Structure formats: structure tokens, C-alpha cells
Amino acid sequence: MRELLHFVALDEYEHGIVIASLNEKRNDLRSEGKSTDAVDELIVKVGHAPQKKFKVIEKEKQRRDEAR
């Protein structure tokens with residue numbers, strides 16, 4: 001069985017917020033004396049995630065607007 005992957009589209013601002021939030025969580029865990037391994041891995045994954053340009057087509061929103 002293949003592993004299920006999740007993809008999230010973030011702009012530069014949102015990407016920065018995610019990194020800052022993960023770093024804040026990491027600092028909280030450190031101050032509590034807990035392991036930061038999982039958060040460290042996420043910071044690396046998000047920080048080194050490839051960038052891809054694409055167009056977003058919101059079909060569901062268009063259908064809802066047409067139904068009105």
C-alpha cells in the first residue's frame with residue numbers, strides 16, 4: 001500500500017508563518033525539556049520543500065455562485 005501524501009500550497013508569507021510557528025513550538029518543547037526531533041524534521045521538510053508555479057481553479061466556488 002502506498003503512503004498517502006498531503007500537498008499544501010503556500011505563498012511566501014504563509015510559508016514564513018509556518019516556519020516561525022514550528023520554530024516557536026520547537027522553543028517551547030526545548031524549554032519544557034522535551035524532544036524536538038519531530039518538529040525539527042518538519043522544519044527541514046517545509047524549509048526545503050520544492051517550489052512550483054501553478055494556477056488554482058476554484059470549480060466548487062464557481063458552481064456555488066452559478067447556482068445562486
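These notes cover the structure that comes with them. (Residues numbered from 1 in each chain as written. Predicted model: local features only at pLDDT ≥ 70, side-chain atom pairs only at ≥ 80, totals over all residues. Heavy atoms only, no water.)

Focus on the overall build of the protein
Helices and strands together make up the secondary structure of the protein, namely 3 helices and 0 strands. For the protein, the succession of helices and strands along the chain, N to C, is α-α-α. Of the roughly 7000 Å² that the protein leaves accessible, carbon and sulfur atoms contribute 53%. (Helix = DSSP H or I, 4+ residues; strand = E, 2+ residues; numbered from the N terminus. Areas by Shrake-Rupley, 256 points an atom, 1.4 Å probe, with all protein chains shown as cover.)

Some thoughts on the pattern of salt bridges
Here the idea is simple: oppositely charged side chains can pair when their charged atoms come close. Within the structure shown, the criterion is met by 2 salt bridges. Here Arg 26 and Asp 40 are joined by a salt bridge, their closest N and O atoms 2.5 Å apart. With Arg 26 in helix α1 (residues 12-31) and Asp 40 in helix α2 (residues 37-47), this residue pair connects regions lying 14 residues apart in the sequence. (Salt bridge = Lys/Arg side-chain N within 4 Å of Asp/Glu carboxyl O.)

Some remarks on the environment of Val 56
Inspection of the secondary structure puts Val 56 in the loop between α2 and α3 (59-67). Considering only alpha carbons, one finds Val 56 and Ala 9, 47 residues apart in sequence, at a separation of 9.6 Å.

A short note on α1
Taking 1.5 Å per residue, 20 residues should reach 28 Å; α1 reaches 29 Å between its end C-alpha atoms and fits that length. The N-cap residue of α1 is Asp 11: its side-chain oxygen and the backbone nitrogen of Tyr 13 are 3.1 Å apart. Of the residues trailing α1, Gly 33 is marked for its positive phi of about 75 degrees. (Expected span 1.5 Å × (residues − 1). Polar contact = N/O pair within 3.5 Å; in protein donor to acceptor, adjacent residues only side chain to side chain.)

With respect to the packing of α1 against α2
It is at 10 Å that the axes of α1 and α2 come closest, and there the two elements cross at 165 degrees. When the axis of α1 is compared with that of α2, the two are roughly antiparallel. Here the hand of the crossing between α1 and α2 comes out left-handed. Listed contacts from α2 to His 15, Val 18, Ile 19, Leu 22, Asn 23, Lys 25, Arg 26 and Leu 29 of α1 are Val 39, Asp 40, Leu 42, Ile 43, Val 46 and Gly 47. Taken together, the residues of the contact of α1 with α2 sort by class into 8 nonpolar, 3 polar and 3 charged. (Axes fitted to C-alpha atoms, helices over the stretch in contact; angles between N-to-C directions. Parallel < 35°, antiparallel > 145°, perpendicular 65-115°, else oblique. Left-handed = near helix turned anticlockwise from the far one by under 90°. Contact = heavy atoms within 4.5 Å. Nonpolar A, V, L, I, M, F, W, Y, C, P; charged D, E, K, R; others polar.)

Quick look at the side chain of Thr 36
Within the fold, Thr 36 resides in the loop between α1 and α2. The contact partners of Thr 36, leaving out residues within four places of it in the chain, are Arg 26, Leu 29 and Arg 30.

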